[in-house]
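# Remarks on the overall topology
Read off the chains here:
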Amino acid sequence: EILARVRGALEPEGVPAVRIEQYAAGAASPWRRYWATYDHTASLRRLTCPTLVVFAEDDLATSPRVHQAEITAAVAGNPLARIVTLSGLNHFLQPVITGAPSEYGDIETTLDPTAIAAVCDWIAAL
């Protein structure tokens, strides 16, 4: 079933069959099955302490376009929560061209200064 779903999603994108098999094997792993059903917002809903959520605009793994509304709703009851979206950064808060994971190894910056500044500004405002 997992292979069929992965194949249905990736074949139209032109992904080679060998890669589809690899993705399906990963998707079938116990960790992936756990991660797919885990409620990532449960802990956020319980927070009452200062909380900073940082999204990267070009993050393809945790896209703000996909996840920000749900995260915003989860922290809505916490007046000490702040959400920021940083432009031009990837999942690892590095400067990007496209945001594709294939770029990760070519980026020399470990952590973009705008990400550091966002955390420092948040701390200073507490």
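Residues numbered from 1 in each chain as written. Predicted model: local features only at pLDDT ≥ 70, side-chain atom pairs only at ≥ 80, totals over all residues. Heavy atoms only, no water.

## Considering the layout of surface pockets
- In this model, the largest pocket occupies a volume close to 590 Å³.
- Of all the elements in the fold, those that place two or more residues in the lining of the largest pocket are α2 (17-27) and α3 (30-37).
- By residue class, the composition of the lining of the largest pocket is seven nonpolar, five polar and two charged.
- Considered as a void within the structure, the second largest pocket measures approximately 450 Å³ in volume.
- Per-element tally for the lining of the second largest pocket: the top contributor is strand β1 (residues 51-56), with five residues.
- When grouped by side-chain class, the residues that make up the lining of the second largest pocket number ten nonpolar, five polar and two charged. (1 Å grid on protein atoms, 1.4 Å probe; cavity = no way out; pocket = protein on both sides within 12 Å on 5 of 7 lines; lining within 4 Å. Points joined across faces, edges and corners; volume = space filled by probe spheres on them. Helix = DSSP H or I, 4+ residues; strand = E, 2+ residues; numbered from the N terminus. Nonpolar A, V, L, I, M, F, W, Y, C, P; charged D, E, K, R; others polar.)

## What about the packing of aromatic side chains?
- Inspection of the entire model under this criterion finds four aromatic pairs.
- Ring geometry for Trp 35 and Tyr 38: centres 6.1 Å apart, planes at 15 degrees, overall stacked.
- With a centroid separation of 4.8 Å and 85 degrees between ring planes, the pair formed by Phe 92 and Tyr 104 is classed as edge-to-face. Here Phe 92, found in the loop between β2 (81-86) and α6 (113-125), pairs with Tyr 104, found in the loop between β2 and α6; they are twelve residues apart in sequence, far enough to count as distant.
- Taking the relative accessible area as the measure of exposure, Tyr 104 reaches 21% and is therefore partly exposed. (Phe/Tyr/Trp six-rings, centres within 6.5 Å; stacked < 30°, edge-to-face > 60°. Buried < 20%, exposed > 50% of the residue type's maximum accessible area, 1.4 Å probe, protein only.)

## Overview of the nonpolar core
- Ranked by size, the top nonpolar core spans nine residues in total: Leu 52, Ala 56, Val 84, Leu 86, Leu 89, Leu 93, Ala 115, Ala 118 and Trp 122.
- Listing elements by their share of this core, those giving two or more residues are β1, β2 and α6.
- Looking at which element gives the most residues to this core, the answer is α6, with three residues.
- With near-sequence residues (within four places) excluded, Ala 115 lies in contact with Leu 86, Leu 89 and Leu 93.
- Leu 44, Val 53, Ala 74 and Val 75 belong to the second-largest nonpolar core, a separate cluster that totals six residues. (Core = buried A, V, L, I, M, F, W, Y, C linked by side-chain atoms within 4.5 Å. Contact = heavy atoms within 4.5 Å.)

These figures capture arrangement, not role.
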